[in-house]
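The lines below spell out each chain.
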Amino acid sequence: MSSSFNPILNSPFEEPDHYYDTQLDGSLDYDNIISGRRPFVPDVPLAPVKPGKQKQVFTVKDVSDTYDTHLVNLIRREAGAWRTAGYPNVTRVTGELLTFWFLNPERNNKLFFAQREAIEIAVWLNEAAEKSNAGQNILNRIREGQVIRKTHTGFNLPRIAFKMATGTGKTVVMAMQILYHFFNRTEYRNDVRFADYFLILTPGITIKDRLGVLFADTEARHKYDAKDYYHIRDLVPYAFENRLSGLNAKLVITNRHSLERRVLKGNKKSPFDGKKGRNKDHGMEDYARVIQKVLGKFRKGRRVVVINDEAHHCYLPKVKTKQKENQRAAVWITGIAEIAKKFKVRAVYDLSATPYYLNGSGYDPYTLFPWVVSDFGLVEAMESGLVKIPFMPETDTTQEIEMPKLRNIYEFVKDDLPKKSAKKQKFTAHPQLPELVRIGLEQFYSHYKKEYEKVRELFDSPPVFIVVCNNTSISSEIFRYIAGYEIEREEGETQVVNGKFELFDNFDPNTRQLLRKPPTLLIDSEELENSDQITPQFKKIFASEIERFKADYRRLRPDRSVDQITDSDLLREVVNTVGKMGTLGAHVRCVVSVSMLTEGWDANTVTHIMGLRAFGSQLLCEQVVGRALRRVNYYRDETGQFPPEYAHVIGVPFKFFKGGKTAVTPPKGDMVQIRALPERGAYEICFPNITGYRIERLNDEIRADFSQIEPFEIDGSKLPAETKLTTAFSPASKTLSLEELKEKREQELIYHITQSLISLCFRDDDGNPLFYHFPVLKKIVQEWVRTKVCCIGDAFKNMLFHLDEMRYCHHIMRGIHADQQKHDSILPVFNSYNKFGSTCHVNGVTRKKIYQTTKSHVNFVVADTNAWEQIAAKTLEEMDEVVCYVKNEFLGFAIPYLKDGKDDKHYYPDFIAQCKSENGKRIQLIIEITGMNKDKAEKKWYVENRWLPAVNTVREKYEYDEWRFVEIADDIRDIKNQLIEKIRECV
């Protein structure tokens, strides 16, 4: 294939007639293009990913006949035939609307086929289906699918779901559904097929605000100035133009929260409200009051059409749980059911890119709602050019087998990320982010920077980079790392630290002042309530944009005063208008978010998305990636198709999630008590219980000795130096690399590390950095960089710029401490409550394998492996040199150590043995047999350079034997000889 390969197969305005062959796992094969419409196969979860190296024998085409009788495929055929026949069996008004929308050769603002199919099916089901046997059969099947409760029939609503991918124009379909009913109702007042009123429900404020375009703009002087979708999308025939002004009185747009009953305060219904034994509903609003507040302008008993946007949030859970999503869904569906008691609900139109049951709902996860009648999914939208095509990581330079590191960043770093914080915190330290996140940000930003330079002169709004995080603690750290931050020192002074990336830095690099228009925005629920991003200076700079926002606010909320606009409203408007000229969000280049951008956010300038959160479903993957898929331009090329546009996505692991039952854990062996035996008191072993170390320095000169320190590894098998992005729709690929990082000079790196070393490790008692040490520390750092830094695979030394400062500073400090150890005294810090531990206190139960003892104070050795502990115990029992021993299980013997200079950790060795030599000298020998696989270098260093020197320094004071350490090599068979050799060495 040539490099000019165009992945777009179909016109966006015609029914798709080609598709990429699709494996049964949902992956796409762009080498094989199939003629005809992509069949709807609900059991294949389509995703924009390539197939594996070994293609499957059978594809979707081979099994499509099996699904011919599925409701969606039946309706496609019947509604398609009705379309071909020229829309028979409809009212005159319906015929005029359909002709104006789809059969008008003079129409410039053409509508997408995805929109056409959805409204045609809605019309066909409402007017024409009952006129044919096939249509009546389809209507019966839909009614059967709408039955979700045989007992509580009020929940069996007339729901009809339209599956439409993000970017295919759901809002336009809503506008057409409203006009279809509204204009027919004004013409045929007694026709019960058409509704009097319209209620649009959304899951949140963002979507509710965006759907304000469905209110008719009655203030515009000319229809070309109107800001509603009826005029912007040219949906109103001239003959009906004068009727549109009456629509707003028939329309309510609200979010599902308005259907929630509130707790009554004061004026209780009775003296018993809230008392024990009373119905809990007595302290709640009744639904009549809720409905009156929401639909007060609707006349009771009239016909209503309900339109649910993002309707996958509206369902009746099968199980009662405290899961928030289920509670919200129950509020939504219950509210509609209560409305149906007061009004004649003619239809409930569900619109969603993913209209299926969520995990935890009680239904089979990710199965479609049984009332889904149409499907224009994400892959079909891409094949038609309606949305951008995503490039995602396919390979990288690491040794990861399953997927490249940047495909699913969160899974690799989740244990090292900040945990969820309940309160907003003041930061007094530098951002703490895992190295993979830093490297990923550097690669992705470098690619963004190139894209920015390409388009900055072509468009008025910059391309947008999004990071979607797991919680507010992570988003805060990412925001500070990217955009810069202020540190409040103890003395009250504020220090500004610039962001890592020039285009996203909110502070001027020279003056360190906050920029007039900060390019990076932090948005989450905490920020909306307590944001300091909307300052008086912000309001002054954006005065004209705020006035424009107020004008729209008056039009969309005539019942509210603009004086009620809060800082939260302004911040939400900044988010909602990212990438839109002349608005509060036009200047934003980077958005750091928690979960607020998964739905309803319609910026079309997004080019890069980084996920740093858990993805438990394909639904969430589609929602997050969907934020980047809206097109910028809608001009057609010479073929009549849209030219391809691309987005770039990392950290969003498109994969296939299938629900299943939880496996039952098989019962394990019998419980066994592990305890100290009083009759073996002679075998008691005591040990120092220390919590840390204290160094008494006898020499202030700073030197380093790296001779006994292991190399500091930059592991290219774990950190990608390069990542290849591909798309499932073409052979094209793009590369994320660290080329700019490679070009930095060594002296720049040494300066950076020395600065970090002073900042983290050399401060006075008041916390001030000791910069006068810079010259001598710079020489030490230079030696360390040139002699101790080891690059594995494709890694290179300049990657240190984005590695954890604490990790490499701790490594350097070990070399400095090694030299100081020649002169300094290491002392233990004992546990203030229990200075010594003992085998006397061992008591616990286990189901693990055990080995019975005779030479131990404790009755059994607990085995963590199949044989090694048992072999070690047997050897210790047999050796004359061993007086007694104990396995470190329920004993609490721990050696404190640091990993990367932070996070206090504890190392639990396998055994302690009290040994004696031929001349009678006794030692306490710590024995490690299972290898210290995790943090081995740190554990061993702290044992040999901290714990042993500390406890042996004070052994005469506390009158205990000398402590030593031995690690058995990889071959357990030679344990006896290694122990004997260690004992002789000590003597």
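Just above sits the structure.
What counts, and where the lines are drawn
- Residues numbered from 1 in each chain as written.
- Predicted model: local features only at pLDDT ≥ 70, side-chain atom pairs only at ≥ 80, totals over all residues.
- Heavy atoms only, no water.
- Helix = DSSP H or I, 4+ residues; strand = E, 2+ residues; numbered from the N terminus.
- Contact = heavy atoms within 4.5 Å.
- Pairing = 2+ DSSP bridges.
- Axes fitted to C-alpha atoms, helices over the stretch in contact; angles between N-to-C directions.
- Phe/Tyr/Trp six-rings, centres within 6.5 Å; stacked < 30°, edge-to-face > 60°.
- Salt bridge = Lys/Arg side-chain N within 4 Å of Asp/Glu carboxyl O.
- Buried < 20%, exposed > 50% of the residue type's maximum accessible area, 1.4 Å probe, protein only.
- Core = buried A, V, L, I, M, F, W, Y, C linked by side-chain atoms within 4.5 Å.

Caption draft 1: Highlighting the environment of Leu406. Checked against the element boundaries, Leu406 lands in the loop between strand 9 (389–396) and helix 12 (409–413). Spatially, the C-alpha atom of Leu406 lies 9.8 Å from that of Phe444, the residues being 38 residues apart in sequence. When near neighbours in sequence (up to four residues on either side) are disregarded, Leu406 contacts Pro393, Asp396, Leu436, Gly440, Gln443, Ile650, Gly651, Pro720, Thr723 and Leu736.

Caption draft 2: Layout of the sheet that holds strand 7 (residues 344–352). Strands sit in the order 5-4-6-7-3-8 across an open sheet of six strands; the sheet is parallel. Only two strands of the sheet have a single neighbouring strand rather than two, namely strand 5 (251–255) and strand 8 (372–376). Taking each pair of neighbouring strands and ignoring which way they run, the sheet shows an average axis angle of 15 degrees. The pairing of strand 6 (residues 303–309) with strand 7 spans seven bridges and is classified as parallel. Paired with Arg303 across the two strands is Lys344, which belongs to strand 7.

Caption draft 3: The arrangement of the packing of aromatic side chains in detail. All chains considered together, the criterion is met by 42 aromatic pairs. Judged by centre distance (6.0 Å) and plane angle (85 degrees), the ring pair of Tyr356 and Tyr366 falls under edge-to-face. With Tyr356 in the loop between strand 7 and strand 8 and Tyr366 in the loop between strand 7 and strand 8, this residue pair connects regions lying ten residues apart in the sequence. With a centroid separation of 5.9 Å and an interplanar angle of 85 degrees, the aromatic rings of Tyr448 and Phe465 are classed as edge-to-face.

Caption draft 4: Here's a closer look at the pattern of salt bridges. This model, assessed by the stated rule, comprises 42 salt bridges. Note that Glu120 and Arg83 form a salt bridge whose closest N and O atoms lie 2.7 Å from each other. Taken together, the residues Glu120 in helix 4 (residues 113–128) and Arg83 in helix 2 (residues 71–84) connect sequence positions 37 residues apart. Note on Arg83: relative accessible area 17%, which makes it buried. A salt bridge links Lys293 to Glu285; the shortest N-O distance between them is 3.0 Å. Note on Lys293: relative accessible area 53%, which makes it exposed.

Caption draft 5: Representation of the side chain of Ser593. Within the secondary structure, Ser593 is located in strand 14 (residues 590–593). Overall, the relative accessible area of 0% leaves Ser593 in the buried class. The contacts of Ser593, once residues within four sequence positions are left out, are Val467, Val468, Cys469, Ser475 and Ile523.

Caption draft 6: Local environment of the environment of Phe893. Turning to its location among the elements, Phe893 is positioned in the loop between strand 29 (882–887) and strand 30 (895–899). The exposure class of Phe893 is buried, given its relative accessible area of 1%. Expressed as a C-alpha distance, the spacing of Phe893 and Phe687, which sit 206 residues apart in the sequence, is 7.4 Å. Apart from residues no more than four positions distant in its own chain, Phe893 is found in contact with Phe687, Asn888, Tyr907, Tyr908, Pro909, Ile912, Ile926, Trp947 and Trp963.

Caption draft 7: Molecular detail of unusual backbone geometry. A positive phi angle is found at Tyr87, which is not glycine, with a value near 60 degrees. Summarising the element assignment, Tyr87 is placed in the loop between helix 2 and helix 3 (92–102). By relative accessible area, which is 6% here, Tyr87 ends up buried. A positive phi is found at Asp234, a non-glycine position, where the angle reads about 55 degrees.

Caption draft 8: Molecular detail of the sheet that holds strand 13 (residues 520–523). Strands sit in the order 13-14-10-15-16-9-21-22 across an open sheet of eight strands; the sheet is mixed. Bordering the open sheet on either side are strand 13 and strand 22 (733–737), each of which pairs with just one other strand. Ignoring which end each strand starts from, the neighbouring axes of this sheet average 25 degrees apart. Pairing geometry for strand 9 and strand 21 (residues 722–726), over four bridges, is antiparallel. Each residue of the ladder has a partner; that of Met392, found in strand 21, is Thr726. Running over the sheet, helix 13 (residues 435–455) touches strand 10 (464–469), strand 15 (606–612), strand 16 (646–650), strand 21 and strand 22 and is turned about 175 degrees from strand 15. Its contacts with the sheet place helix 14 (residues 472–483) against strand 10, strand 13, strand 14 and strand 15, and it is angled at close to 170 degrees to strand 13.

Caption draft 9: Region of interest: the nonpolar core. Trp101, Leu125, Leu214 and Tyr230 are the most contacted members of the largest nonpolar core, which totals 119 residues. Excluding residues that lie within four positions of it along the chain, Trp101 makes contacts with Arg107, Leu111, Ile119, Met176, Leu179 and Leu235. Counting 68 residues, the second largest nonpolar core, distinct from the first, contains Phe504, Leu800, Phe801 and Ile812.

Caption draft 10: Looking closely at the pairing of strand 3 (residues 159–164). Burial runs high along strand 3: six of the six residues are buried. Here strand 3 shows two buried faces, one formed by Arg159, Ala161 and Lys163 and the other by Ile160, Phe162 and Met164. Here strand 3 pairs with strand 7 via five bridges, running parallel. Pairing of Ile160 across the sheet is with Tyr349, part of strand 7. With four bridges connecting them, strand 3 and strand 8 associate as parallel partners. In the sheet register, Phe162 faces strand 8, and the bridge partner there is Ser374.

Without other data, these values stay purely geometric and don't point to any function.
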